[in-house]
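Residue-level structure breakdown
Given next are the chains, with one letter for each unit.
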Amino acid sequence: MEIPIYHKAITKNALAAGLDATVYGTLKQGLQSPGLASGLFMGKQFVHIMRSLSFHQSPEDFILLLLPELSETYIKDLLKEGLELADEMARPERGGAASRWDCAIVYAVAKGMKPEEVIETGTGVGATSLMALRGTDGALAATLTTFDREESVTGEDAIPYYRWEELPLSGVGRLIPEQDQDRVVFVLGDIRQTLPKWVHEERLSPRNPVRALVILDSLHTPEHQRFEMEYIWPVLADGSVVLCDDTTYGWSEHVGTYINCGFLGGIKK
Ligand SMILES: C[S@@+](CC[C@H](N)C(=O)[O-])C[C@H]1O[C@@H](n2cnc3c(N)ncnc32)[C@H](O)[C@@H]1O
């Protein structure tokens, strides 16, 4: 159902878009839990939402805090370009694609920081993948390594992924154009197995760190997000940026220790 004021607010305002996603996630997750567990979850979530709101930064300030070397005018231009790209992008109904604001921020951070590599957990339909690719076009075009499941499932995060019988381009990552094939590595399977294996096989270690843009957007539970951070953080070089889309409830204990725009979390190493 289209509610004009509500939908306009979500389109125009990064905070409204984040709030919409977190309230939806809270209700969905909360109502699935029985009795007391449901009440406890919702209560904890309410505190998390209030605290996140008090730490919220505008998209411009969020990027400036992560990349203080950029000028405010340049950041505004990058966000404008990112929003234009996000608006041109197809929006499949399913697959949990990031909001237009989160997409614009991914693009702006990618273009502003020029990472050596992009590492993404949760390819989904590939909205954030596409933004990161467009943000790193050019002579130093970064490789995107992106992780998702191989099989069609209903996610534990309760998003029904009815999808992708053919992999990878018409399912996972379907928004990623074929022209980018050479820059994209799909790692398919359960991230709990594929991520440790990939880090090991790529010989990534604190002695051989990489300056990366990391986008965490797979399962949004605290345990899972912590697991991903434990594997990725040590192999990142200084200057790397981690964007966590989103911090709906995953990073609830850490509010205030990361930069937060709506419910997009950001940390610079
Ligand atoms: C919110 S969607 C990603 C949206 C995407 N970043 C975009 O903007 O289009 C989350 C994705 O994470 C994947 N995912 C969740 N848990 C996973 C796991 N344990 N292993 C692999 N993929 C997982 C789901 O299959 C889903 O495609």
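Values in this document were obtained by computation on a predicted structure and should not be read as measured data.

1. Focus on unusual backbone geometry
Following aspartate 245, the chain continues to aspartate 246 via a peptide bond in cis, the omega torsion being 5°. On the secondary structure map, aspartate 246 appears in the loop between β5 (241-245) and β6 (259-261). Positioned with a positive phi, lysine 114 is a non-glycine residue whose angle comes to about 50°. With respect to the helices and strands, the residue lysine 114 is situated in the loop between α6 (100-113) and β1 (117-121). Classification of lysine 114 as partly exposed rests on a count of 14 C-beta atoms within 10 Å. The phi dihedral of arginine 203 is positive, around 55°, even though this residue is not glycine. Structurally, the position occupied by arginine 203 is in the loop between α8 (191-201) and β4 (212-216).

2. Re the environment of tyrosine 249
Relative to the helices and strands, tyrosine 249 is located in the loop between β5 and β6. Assessed through the 23 C-beta atoms surrounding it within 10 Å, tyrosine 249 is described here as buried. Spatially, the C-alpha atoms of tyrosine 249 and arginine 174 are 27 Å apart, while their sequence positions differ by 75 residues.

3. Some points on the site of the ligand
The ligand sits among 21 residues. The nearest are Gly96, Gly122, Gly124, Ala127 and Ile191. Every element with two or more residues in the shell around the ligand is listed here: α7 (127-135), β2 (143-148) and α8. Taken together, the residues that form the shell around the ligand break down as eight nonpolar, eight polar and five charged.

4. Side note on the sheet that holds strand β7 (residues 264-268)
Reading across from one edge, β3-β2-β1-β4-β5-β7-β6 is the order of the seven strands in this open sheet, with mixed pairing throughout. What marks the edges here is a single partner per strand, and that holds for β3 (184-188) and β6. Mean inter-strand twist for the sheet, computed between neighbouring axes without regard to direction, equals 15°. Sitting on the sheet, helix α4 (residues 59-66) is in contact with β5, β6 and β7, with an inclination near 155° to β6.

5. A word on α6
The end-to-end C-alpha distance of α6, which contains 14 residues, comes to 20 Å, matching closely the 20 Å that a straight helix rising 1.5 Å per residue would cover. Counting buried positions along α6 yields 14 of 14 residues, so the element is predominantly enclosed.

6. Details of the pairing of β4
β4 sits mainly inside the fold: five of its five residues count as buried. Every second residue of β4 is oriented toward a common face, with Ala212, Val214 and Leu216 on one face and Leu213 and Ile215 on the other, all of them buried. Note that β1 and β4 share five bridges and pair parallel. Counted as the bridge partner of valine 118 is leucine 213 from β4. Bridge analysis of β4 against β5 gives four bridges, and the strand direction is parallel. Paired with isoleucine 215 across the strands is leucine 243, a residue of β5. Crossover handedness for the path β4 to helix α9 (residues 222-232) to β5: right-handed.

Rules behind the numbers
Residues numbered from 1 in each chain as written. Predicted model: local features only at pLDDT ≥ 70, side-chain atom pairs only at ≥ 80, totals over all residues. Helix = DSSP H or I, 4+ residues; strand = E, 2+ residues; numbered from the N terminus. Buried ≥ 20, exposed ≤ 12 C-beta atoms within 10 Å, placed from the backbone. Near = placed C-beta within 6 Å. Nonpolar A, V, L, I, M, F, W, Y, C, P; charged D, E, K, R; others polar. Pairing = 2+ DSSP bridges. Axes fitted to C-alpha atoms, helices over the stretch in contact; angles between N-to-C directions. Contact = placed C-beta atoms within 7 Å. Expected span 1.5 Å × (residues − 1). Right-handed = clockwise from strand over helix to strand, strands pointing away.

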